[in-house]
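So the chains spell out like this:
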Amino acid sequence: MSTTEDPQDYAHSIAADIFTMLRTAGEQGLNLDQGFHNEPLSTRQFALRYLFFSKSQLLRIPGTPSALKGRLRRANVLAAVMVQGRMTGLHLLCAFAKPFGAVASQDEVLAAIDQRALAAYTEQVRALLADDLDRAVNQADPGPGAVN
């Protein structure tokens, strides 16, 4: 998200992305309620993953934070931020009282988005992208005195 982008526009964009992932997974024959994931961005340094899991699936994962357990609903979309293969952030972007297969519109996704979680996820991604850009610029910079 750019610094000039309206947070509501960004929330609409994320809702559209999540709804598209749900619709596409369903069209591909996946049982949405069995859980799945999507990795929309990956570099050598980091990856962003969207995890689509039911409450019962998430509660079976050892070490699930208590604060997260209390916010889960029947169907949940989490954003996992991976840095060099390790999870550095897990954000519960939205939670639905019904199964994924019953989510019928982008507006339903938008209504389920947790604005605080989305803001925290956005800030973490923004920092990673800035770090990745800085690293690329520094690697490409031949340094002082170089002749082009």
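In this report, we go over the structure that sits alongside the text.

Basis of the calculations
Residues numbered from 1 in each chain as written. Predicted model: local features only at pLDDT ≥ 70, side-chain atom pairs only at ≥ 80, totals over all residues. Heavy atoms only, no water. 1 Å grid on protein atoms, 1.4 Å probe; cavity = no way out; pocket = protein on both sides within 12 Å on 5 of 7 lines; lining within 4 Å. Points joined across faces, edges and corners; volume = space filled by probe spheres on them. Helix = DSSP H or I, 4+ residues; strand = E, 2+ residues; numbered from the N terminus. Nonpolar A, V, L, I, M, F, W, Y, C, P; charged D, E, K, R; others polar. Salt bridge = Lys/Arg side-chain N within 4 Å of Asp/Glu carboxyl O. Buried < 20%, exposed > 50% of the residue type's maximum accessible area, 1.4 Å probe, protein only.

1. Quick notes on the layout of surface pockets
Taken as a whole, the largest pocket spans an internal volume of roughly 220 Å³. Tyr 10, Ile 14, Leu 48, Tyr 50 and Tyr 121 are, among the 14 residues lining the largest pocket, the residues nearest its centre. When residues of the lining of the largest pocket are traced back to their parent elements, those giving at least two are helix H1 (7–27), strand E2 (46–54) and helix H5 (115–140). Classifying every residue of the lining of the largest pocket by side-chain character gives 10 nonpolar, two polar and two charged.

2. A short note on unusual backbone geometry
The phi angle at Gln 84 is positive, at roughly 50°, despite the residue not being glycine. Assignment of secondary structure puts Gln 84 in the loop between strand E3 (75–83) and strand E4 (86–96).

3. A closer look at the pattern of salt bridges
According to the stated counting rule, one finds five salt bridges in the structure shown. Taking the shortest distance from any N to any O, the salt bridge between Arg 23 and Glu 27 comes out at 3.8 Å. Here Arg 23 pairs with Glu 27, and both are found in helix H1, just four residues apart, close to one helical turn. Taking the relative accessible area as the measure of exposure, Glu 27 reaches 61% and is therefore exposed.

By themselves, these are just geometric observations and shouldn't be taken as functional.
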